[in-house]
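Given next are the chains, with one letter for each unit.
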Amino acid sequence: MIGLVLAMLWSRRGRAATVMLLTALATAGALAAPAYLTAADDRIVRSEVAAAAPSERTVLITGEVLSSGGGSMAKTFQSLAGGWLDAPGYATVFSAQFPAQPEDLAMATASQLTTVVFRENICAHVRVVAGRCLMGTGDTILSGRTADRLGLHPGDTMSLTGSRYDQLSSRYVPAGPPTALTIVGVVEPRDAGEPYWGRTGGMRDAFQVDRRTLDTFSRPAELESYDAYPLPGAITVDTLPALREWTGKAQQRSTEEARLNTDLDVLLDRIDERRAEVRAAVPFAVAPVLLLAWAVITLAVSTVIRARRFEHGIIALRGVARPGRWWLATGETLLSVLTGAALGFTAAGGWQIRGAWPYAAVAVLGALAVALTVALRTVSAPVSALLRQVDRHTARWRGLALEGVLVVAAAVAVAQVRGRPGGVALLAPALVLVAVAVLAGRVGPILSGLAAARVLRRPSAGRFRLAGALAGFRLARRPVGARLLALLTLAVGSLAFAAGTTSAVDQRQRDQAALATGAPVVLNVDATSRTQLLRAVRAADPEGRSAMAVVPIRDSDDNSGAVAVDAARLPAVALWPAGAPPVADVAARLHPPAPAEAVTHTGAKIALDVTVSVLDRPDVVLTATLAPLDGQPTATADLGKLVLGRRTYTGETPMCVRGCRLVEIAAKLPPYVGPTIVVTLHSPPPTEWRTAPGATAVRGADGITFSLPMTSQPGAGVLRPAFGPAELPVATTAPLPDAEFKTFGSKAVPVAEFSATRLPRVGTAGALVDLEYADLTAEDDGRATGAEVWLSATAPPGIVDALRAQGLTVTGRRTVADTRAALAAGGTALGLRFYLMAGWLSAALGAAGLAVAAIGTSTHDLRALRVQGLRRSTGTLVEPFVVLVLVAAAGVAGVLGAGLAWFAVGGTLPGLKGTGLPPLGVPAATVGVTLAALAVAGLTAQAAASRTRTPRRSPRSGRPPRTS
């Protein structure tokens with residue numbers, strides 16, 4: 001029996017090869033899903049790792065190590081923490097640091113301290129600007145910014161001593177004898193964003209020394225740390241389980257002596273979430289591909305079986321038992337399908353694809369089911385029907401019932417996806433398209449027959465009209481025409497829906513990328529303070545057309561919902577979103593003209609002539625907060641406790657040697673309700689002053705008298721020069737609670753808010769303020785945490801060098817294209833993009849269906865019409881017209897089905913919620929190209945089949961040979 005089946009395969013090897021190739025195509029098409037998932041997983045991991053915050057990629061272990069005498073430190077931390085950092089694929093960097101103060105300062109404030117740092121193997125990661133790198137004991141190197149701030153050059157010497165905090169004086173005092181240091185070089189990082197530099201990126205503003213020099217200092221303690229960063233290939237899909245296991249164990253090791261700090265688990269969770277988003281869409285997108293593949297296999301198998309109906313009738317007539325007849329009917333198909341499945345699985349690389357077997361099993365089992373069903377149903381017909389080669393018709397009510405079930409399933413899926421998106425509801429687009437396809441297969445032949453009859457009723461029908469009418473009748477009266485129309489409708493509809501989805505995703509990603517980036521190019525920079533950032537950017541771009549200083553404002557939860565910008569440069573630099581108020585109006589409202597000039601102070605000391613008229617408490621301290629003009633952090637000078645009467649209060653201001661802006665003068669009131677304090681500031685700077693709510697300021701002949709109220713509110717004793725508006729202008733997308741805004745340092749300030757629907761960077765949930773005015777109202781040290789410089793599209797290439805020349809260190813660069821690439825690498829976006837791949841596979845299967853139909857088409861009816869007088873030229877046009885009509889009808893029905901699917905569920909799919917009609921240019925071009933390709937494929941297959949069916953003439957008699 002097996003030999004007979006093999007003989008049958010060989011005798012009709014062409015059609016068997018067709019079934020084999022179609023099964024291989026179906027299997028390979030099914031494997032497109034796991035292959036895409038494998039590639040998507042790798043892309044998600046790469047993109048998430050690249051975009052992750054340093055704390056999410058790295059592991060930091062820190063511990064305070066106490067001195068064991070002199071410069072010796074206990075080795076407990078190094079031996080303990082060093083053994084913890086066994087994360088697979090990670091490299092470690094050891095560092096140690098302690099605070100120090102100049103030798104000539106017997107007592108120092110926090111602002112006067114510096115830091116001495118040892119970082120392992122630092123010379124391999126820096127570029128020498130002047131001098132050399134570390135070589136011997138007593139050598140130190142500085143960054144260019146630190147050298148400029150301190151006015152030091154290679155060859156200069158400086159003596160530092162370790163510091164310890166004195167509780168009695170609230171100052172830092174020397175912890176031992178001084179150590180002489182020689183500045184041997186000025187260096188810059190080779191790459192400030194290199195993982196070697198840890199979470200902060202770039203060099204510290206400190207004296208960098210080697211370990212031998214570090215140990216020459218007497219210090220009570222030092223802060224030691226290990227930075228562990230991933231080497232290339234450390235975080236991949238294959239290493240995720242090991243990293244997850246290591247992270248779970250490592251968190252349990254943290255102690256007070258060695259604190260482990262990492263957000264690696266956050267990164268791993270986000271990667272898992274993105275991978276799950278892809279898997280929520282891809283399996284459902286491949287459903288139309290499998291349906292089309294099974295439909296095409298059904299056509300191919302039915303073509304093979306129909307060609308052998310007479311043979312199976314003879315076998316049945318001779319009394320072969322039913323099992324034997326079934327084996328002869330299915331063996332040929334079974335071997336073709338299984339061979340094709342193995343070829344398709346191997347060709348698609350299924351042996352190397354993760355999770356390929358379930359998809360392949362579904363494709364192969366489905367192909368076997370439809371193939372065997374068609375084969376068994378065909379040979380189960382009566383012997384008379386087999387011998388006469390008559391098709392077996394199914395009861396009409398069964399077909400109608402099945403189509404009704406499909407329509408109801410589509411309606412239920414649409415209702416589900418609108419009520420609870422995700423899961424099985426993602427089959428809704430495919431079900432809608434299938435329902436439209438079966439309706440097209442039912443309605444199309446009816447319309448085709450009516451149109452053909454109308455043409456024939458005309459008195460005279462030309463050649464083309466007659467050929468078109470005959471093509472219409474063939475479609476109307478042949479079951480394969482309806483099936484092929486349904487198949488092509490599903491193929492075209494799947495591709496049209498996929499193209500529309502991709503177009504909508506691309507448009508949304510373009511808008512989101514521009515909105516999230518804020519400007520064509522964004523530079524992450526390391527700046528000492530917000531003042532330095534503003535000064536540097538304005539100096540690098542004096543015309544204000546290319547660069548803008550930006551600092552995010554973070555609340556106590558470290559969430560950035562507001563951004564401070566140099567508002568005057570917004571129109572030239574920012575990418576302004578559609579629907580927002582005019583950018584020029586927003587810029588003008590954010591930065592109105594200053595009502596007064598800034599108050600400046602220059603000198604190493606500050607002195608205030610003050611008379612205290614009312615003072616019932618002896619613990620009120622007078623302070624002055626100043627912002628250095630050279631960009632150093634804002635510092636507060638302690639002027640001493642207030643006493644009754646007139647006296648001069650002085651404080652140390654070494655940071656103001658190059659000039660400072662006076663931020664505020666404050667009487668530090670107790671944190672509870674106390675008595676009113678009245679002070680008079682003699683010879684005040686010629687400016688307006690602002691007081692806290694409830695306080696008053698009265699200008700007299702001898703100065704300004706301030707009355708500070710009885711209150712426990714923080715900041716009640718603050719006096720500020722009126723440089724800047726009384727209320728901070730805020731452009732916000734949502735009303736601010738209590739008309740207050742938390743500026744830098746989480747200080748709530750009164751605001752003058754105005755609304756905007758969308759704003760750069762913050763989108764529809766955030767606010768913009770002017771950086772200069774926000775800095776005036778802040779109560780922190782003025783550090784520019786998270787500082788950025790936004791560049792316009794017309795920024796000259798040398799702008800980055802100009803920023804570096806002004807003391808800014810560029811630690812990162814991001815463009816709109818980078819942001820869009822990150823969005824495109826998101827799990828939902830990748831999942832939706834697979835729809836397009838599935839659409840192209842559907843179109844390829846549609847072309848295969850046309851080819852199979854052309855191979856199995858019989859032209860006996862046309863030959864009969866030739867005998868009755870039909871011209872040959874007219875008859876040769878019928879089959880091409882059939883192909884063209886099928887493709888055109890499928891194009892119309894497919895586009896209608898895609899539109900119906902989009903309006904039914906398109907805007908509810910993950911990643912497309914709230915999306916309106918997608919841009920139609922790309923979908924229209926895609927459908928047009930696909931219809932043209934289908935027409936060409938169908939006409940080519942029909943022409944090839946016609947040549948195969950045309951009998952060759954006998955060379956002797958000129959008559960066609962007899963065919964069996």
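Cut-offs and rules
- Residues numbered from 1 in each chain as written.
- Predicted model: local features only at pLDDT ≥ 70, side-chain atom pairs only at ≥ 80, totals over all residues.
- Heavy atoms only, no water.
- Helix = DSSP H or I, 4+ residues; strand = E, 2+ residues; numbered from the N terminus.
- Buried < 20%, exposed > 50% of the residue type's maximum accessible area, 1.4 Å probe, protein only.
- Contact = heavy atoms within 4.5 Å.
- Areas by Shrake-Rupley, 256 points an atom, 1.4 Å probe, with all protein chains shown as cover.
- Salt bridge = Lys/Arg side-chain N within 4 Å of Asp/Glu carboxyl O.
- Disulfide = S-S within 2.5 Å.
- pLDDT = per-residue confidence, 0-100.
- Pairing = 2+ DSSP bridges.
- Axes fitted to C-alpha atoms, helices over the stretch in contact; angles between N-to-C directions.
- Core = buried A, V, L, I, M, F, W, Y, C linked by side-chain atoms within 4.5 Å.
- Phe/Tyr/Trp six-rings, centres within 6.5 Å; stacked < 30°, edge-to-face > 60°.
- Lys NZ or Arg CZ within 6 Å of the ring centre and 35° of its normal.
- Arc of directions from axis to C-beta.
- Parallel < 35°, antiparallel > 145°, perpendicular 65-115°, else oblique.
- Left-handed = near helix turned anticlockwise from the far one by under 90°.
- Nonpolar A, V, L, I, M, F, W, Y, C, P; charged D, E, K, R; others polar.

**Some words on the overall build of the protein chain**
No. 1: Within the protein chain, the secondary structure is distributed over 28 helices and 32 strands.
No. 2: Within the span of the protein chain, comprising 964 residues, buried residues form 50% of the whole.
No. 3: Across the protein chain, the fraction of contacts at a sequence separation of at least 24, relative to all contacts at a separation of at least 6, is 79%.
No. 4: When the accessible surface of the protein chain is split by element, carbon and sulfur atoms take 59% of a total near 43,600 Å².

**Quick notes on the side chain of Thr926**
No. 1: Assignment of secondary structure puts Thr926 in helix H28 (residues 921–949).
No. 2: Taking the relative accessible area as the measure of exposure, Thr926 reaches 12% and is therefore buried.
No. 3: If we ignore the near neighbours within four places in the chain, the residues touching Thr926 are Leu495, Ala499 and Trp840.

**Digging into the pattern of salt bridges**
No. 1: Scanning all chains against the criterion turns up 35 salt bridges.
No. 2: Put simply, Arg814 and Glu788 hold a salt bridge, and the shortest N to O gap is 3.9 Å. Taken together, the residues span a long stretch of sequence, with Arg814 in strand S32 (residues 809–815) and Glu788 in strand S31 (residues 788–791) at a distance of 26 residues.
No. 3: For Arg814, a relative accessible area of 24% puts it in the partly exposed group.
No. 4: With a relative accessible area of 6%, Glu788 lands in the buried category.
No. 5: A cluster of three or more residues bridged by salt bridges with shared partners is formed by Glu48, Glu56, Arg270, Glu273, Arg274 and Glu277.

**As for the environment of Thr809**
No. 1: Along the chain, Thr809 falls in strand S32.
No. 2: When the C-alpha atoms of Thr809 and Asp526 are compared, they prove to be 5.0 Å apart, with 283 residues separating the residues in sequence.
No. 3: With residues up to four places along the chain from it excluded, the contact list for Thr809 reads Ala192, Asn524, Val525 and Asp526.

**Focus on the state of the cysteines**
No. 1: Scanning the model with the defined rule gives two disulfides in all.
No. 2: Between Cys123 and Cys133 runs a disulfide, and the two sulfur atoms are separated by 2.0 Å. Judged by the sign of its S-S torsion, about -90°, the bond between Cys123 and Cys133 is left-handed. Residue Cys123 is found in the loop between strand S4 (114–119) and strand S5 (126–131), and its partner Cys133 is found in the loop between S5 and strand S6 (139–143); the two are separated by 10 residues along the sequence.
No. 3: The class of Cys123 is partly exposed, set by a relative accessible area of 30%.
No. 4: Paired through a disulfide, Cys656 and Cys660 show a sulfur-sulfur distance of 2.0 Å. On the sign convention where negative means left-handed, the S-S torsion of about -100° between Cys656 and Cys660 marks this disulfide as left-handed.
No. 5: What connects to what in the protein chain, once the bonded cysteines are numbered by sequence position, is 1-2, 3-4.

**Topic: the confidence of the model for the protein chain**
No. 1: Across the protein chain, the average pLDDT comes to 80, with 80% of residues at 70 or higher.
No. 2: Counting interchain partners and residues more than four positions distant, the pLDDT-below-50 stretch residues 952–964 has 11 contacts.

**Some remarks on unusual backbone geometry**
No. 1: In this structure, Asn121 takes a positive phi of about 60° despite not being glycine.
No. 2: Structurally, Asn121 is set in the loop between S4 and S5.
No. 3: A positive phi angle, near 50°, is found at Ser683, a position not held by glycine.
No. 4: As for its position among the elements, Ser683 is in the loop between strand S22 (677–681) and strand S23 (689–691).
No. 5: According to the relative accessible area criterion, Ser683 is exposed, its value standing at 70%.

**Observations concerning the sheet that holds S22**
No. 1: On the basis of which strands lie adjacent, the open sheet formed by five strands has the order S20-S17-S22-S25-S24 and antiparallel pairing. The strands lining the two open edges of the sheet, one partner per strand, are strand S20 (645–652) and strand S24 (696–700). The sheet shows a mean angle of 30° between the axes of neighbouring strands, taken without regard to direction.
No. 2: Pairing between S24 and strand S25 (residues 703–708): five bridges, direction antiparallel. Each residue of the ladder has a partner; that of Gly700, found in S25, is Gly703.

**Notes on the nonpolar core**
Side chains of nonpolar character tend, in soluble globular proteins, to be buried together.
No. 1: Ile235 and Phe834 are the most contacted members of the largest nonpolar core, which totals 118 residues.
No. 2: Broken down by element, the residue count for this core peaks at 13 residues, all from helix H18 (residues 479–517).

**Observations regarding the packing of aromatic side chains**
For any two aromatic rings, the description comes down to two numbers: the centre-to-centre distance and the angle of the planes.
No. 1: This model, assessed by the stated rule, comprises 12 aromatic pairs.
No. 2: A ring pair is formed by Trp351 and Trp357, whose centres lie 5.5 Å apart and whose planes are at 75°; its orientation type is edge-to-face. Each member of the pair, Trp351 together with Trp357, is exposed.
No. 3: When the ring centre of Tyr196 is taken as origin, the NZ or CZ atom of Arg119, which lies over that ring, is 5.2 Å away.
No. 4: If you follow Arg530 out to its NZ or CZ, it ends over the ring of Phe744, 3.8 Å from the centre.

**Regarding the environment of Val565**
No. 1: Tracing the sequence through the fold places Val565 in strand S15 (residues 560–565).
No. 2: According to the relative accessible area criterion, Val565 is buried, its value standing at 0%.
No. 3: As a C-alpha pair, Val565 and Glu788 span 223 residues in sequence and 9.5 Å in three-dimensional space.
No. 4: Apart from residues no more than four positions distant in its own chain, Val565 is found in contact with Met548, Ala549, Val550, Leu570, Leu768, Val769, Asp770 and Leu771.

**Some details on helix H21 (residues 583–590)**
No. 1: Of the residues making up H21, those classed as buried are Val583, Val586, Ala587 and Leu590. Each buried residue of H21 lies within a common arc of 100° when the element is viewed along its axis, so the set occupies one face.

**Let's talk about the environment of Ala667**
No. 1: Tracing the backbone shows Ala667 in strand S21 (residues 660–668).
No. 2: Measuring from C-alpha to C-alpha, the distance between Ala667 and Leu719 comes to 8.5 Å, with 52 residues separating the pair along the chain.

**Structural notes on the pairing of strand S11 (residues 221–230)**
No. 1: Counting buried positions over the 10 residues of S11 gives nine, a clear majority of the element.
No. 2: Across eight bridges, strand S3 (residues 90–102) lies against S11 in antiparallel orientation. Within S11, the position partnered with Ala91 by the bridge is Tyr229.

**Some thoughts on the side chain of Thr930**
No. 1: Take Thr930: it is sitting in helix H28.
No. 2: For Thr930, the residues in contact, after removing those within four places along its chain, are Leu495, Trp840 and Ala843.

**Here we look at the packing of helix H7 (residues 240–250) against helix H8 (residues 264–279)**
The geometry of a pair of packed helices is captured by two quantities: the angle between their axes and the separation between those axes.
No. 1: Put simply, H7 and H8 touch, their axes get as near as 10 Å, and they point 140° apart. As judged from the angle between their axes, H7 and H8 are oblique. Two packed elements cross with a definite hand, and for H7 against H8 that hand is left-handed. Touching Leu240, Leu243, Arg244 and Thr247 of H7 are Leu264, Asp265, Leu268, Asp269, Ile271, Asp272 and Arg275, all from H8.
No. 2: Classifying every residue of the contact of H7 with H8 gives five nonpolar, one polar and five charged.

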